[in-house]
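Observations on the model geometry
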Amino acid sequence: MTIEAIQNEIIDEFSMFEDWEERYQYMIDLGKDLPLINDQYKTDSNIIKGCQSKVWVHAEMNDEKIEFTADSDAIITKGIIAILIRVFNDQHPKDIIEANTDFIDKIGLKEHLSPTRANGLVSMVKQLKLYAIAYQTQIK
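Rules and cut-offs
- Residues numbered from 1 in each chain as written.
- Predicted model: local features only at pLDDT ≥ 70, side-chain atom pairs only at ≥ 80, totals over all residues.
- Heavy atoms only, no water.
- Axes fitted to C-alpha atoms, helices over the stretch in contact; angles between N-to-C directions.
- Helix = DSSP H or I, 4+ residues; strand = E, 2+ residues; numbered from the N terminus.
- Parallel < 35°, antiparallel > 145°, perpendicular 65-115°, else oblique.
- Contact = heavy atoms within 4.5 Å.
- Nonpolar A, V, L, I, M, F, W, Y, C, P; charged D, E, K, R; others polar.
- Patch = residues over 30% accessible without salt bridge, like charges linked within 9 Å, V, L, I, M, F, W, Y side chains within 5 Å.
- Areas by Shrake-Rupley, 256 points an atom, 1.4 Å probe, with all protein chains shown as cover.
- Salt bridge = Lys/Arg side-chain N within 4 Å of Asp/Glu carboxyl O.
- Buried < 20%, exposed > 50% of the residue type's maximum accessible area, 1.4 Å probe, protein only.
- Pairing = 2+ DSSP bridges.
- UniProt positions renumbered as here; feature names shortened; annotations may be inferred.
- Core = buried A, V, L, I, M, F, W, Y, C linked by side-chain atoms within 4.5 Å.
- Phe/Tyr/Trp six-rings, centres within 6.5 Å; stacked < 30°, edge-to-face > 60°.

Here helix H2 (residues 20-32) crosses helix H3 (residues 75-88) at 70 degrees, and the two axes come no closer than 7 Å. As the angle between them shows, H2 and H3 are arranged roughly perpendicular. In this structure, H2 uses Tyr 24, Tyr 26, Met 27, Ile 28, Leu 30 and Gly 31 to contact H3, whose residues at the interface are Ile 75, Ile 76, Lys 78, Gly 79, Ile 80, Ala 82, Ile 83 and Arg 86. Among the residues making up the contact of H2 with H3, the classes are represented as 10 nonpolar, two polar and two charged.

Below is the structure:
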């Protein structure tokens, strides 16, 4: 699936819920299905700076597509990174770099987060795109 198709799927899923309490619960459930980072990668160098909670992200490139794993010590934050990884996982670095992230606004996520969590969300997107930039430079 393309990044845009996955984003549209997420928008559709979030529109099914009546209120933000249900959406938060859905995010928590998504966090439970997150491809978990191996403990060996839970290092300071893999912590996303700018997040109030601890969020670790690891990326590897296989067949010119990036595979992300992550974890967080907070359930909502774990749900947020799970959504982002769902969008960007197993995608070509160039597609990640060029991806629009308007879906975040369309599902109303940023406006329903505390200011520190919203900043953390921006930091997560930035870090995933930085991984993509680094891997893009390795493709010939």
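Once that is clear, we can look at a nonpolar patch on the surface. A surface patch of nonpolar side chains, about 230 Å² in accessible area, is lined by Ile 97, Leu 130 and Ile 133. One can find Ile 133 in helix H6 (residues 115-136). Judged by relative accessible area, which is 42%, Ile 133 ranks as partly exposed.

Examined bridge by bridge, strand E1 (residues 55-62) and strand E2 (residues 65-72) share eight bridges and lie antiparallel to one another. Bridge pairing in E2 places Glu 60 opposite Glu 67. Counted along the chain from E1 to the antiparallel partner E2, the turn is two residues long, and its residue Asp 63 has a positive phi close to 50 degrees.

The next thing to look at is the UniProt feature "domain: Fe-S metabolism associated" (unreviewed entry) in the protein chain. Within the UniProt annotation, "domain: Fe-S metabolism associated" (unreviewed entry) is assigned to residues 12-129. With 47% helix and 14% strand, residues 12-129 has end C-alpha atoms that lie 24 Å from one another.

Let us now look at the environment of Asn 119. When you line up the elements, Asn 119 lands in helix H6. Residue class for Asn 119 comes out partly exposed when judged on its relative accessible area of 49%. For the pair Asn 119 and Glu 21, spaced 98 residues apart in sequence, the C-alpha to C-alpha distance is 21 Å.

Before going further, it helps to examine the environment of Ile 37. Relative to the helices and strands, Ile 37 resides in the loop between H2 and E1. Look at Ile 37 and you get buried, because its relative accessible area is 5%. Note: C-alpha distance between Ile 37 and Tyr 26 (11 residues apart in sequence) is 21 Å. Beyond its immediate sequence surroundings of up to four residues, Ile 37 is in contact with Lys 42, Trp 56, Val 57, His 58, Thr 69, Ala 70 and Asp 71.

Turning next to the nonpolar core. Grouped together as the largest cluster of nonpolar side chains are 43 residues, with contacts concentrated most on Val 57, Phe 68, Ile 81 and Leu 84. Among the secondary structure elements, those contributing two or more residues to this core are helix H1 (3-15), H2, E1, E2, H3, helix H5 (103-106) and H6. Beyond its immediate chain neighbours, meaning those up to four positions away, Ile 81 contacts Leu 34, Ile 48, Val 55, Val 57, Ala 70, Met 124 and Leu 128.

With that settled, the discussion passes to the packing of aromatic side chains. Going through the model one piece at a time under the given rule, you end up with five aromatic pairs. Seen from their ring centres, Phe 14 and Trp 20 are 6.2 Å apart, and the 45 degrees between their planes marks the pair as tilted. The interplanar angle of 65 degrees and the centroid separation of 6.2 Å between the aromatic rings of Phe 68 and Tyr 131 together place this pair among those described as edge-to-face. On the criterion of sequence distance, the pair formed by Phe 68 in strand E2 and Tyr 131 in helix H6 is long-range, its members being 63 residues apart. Neither residue differs from the other here; Phe 68 and Tyr 131 are each classed as buried. Site record: aromatic cluster; members linked through ring pairs are Phe 14, Phe 17, Trp 20, Tyr 24 and Tyr 26.

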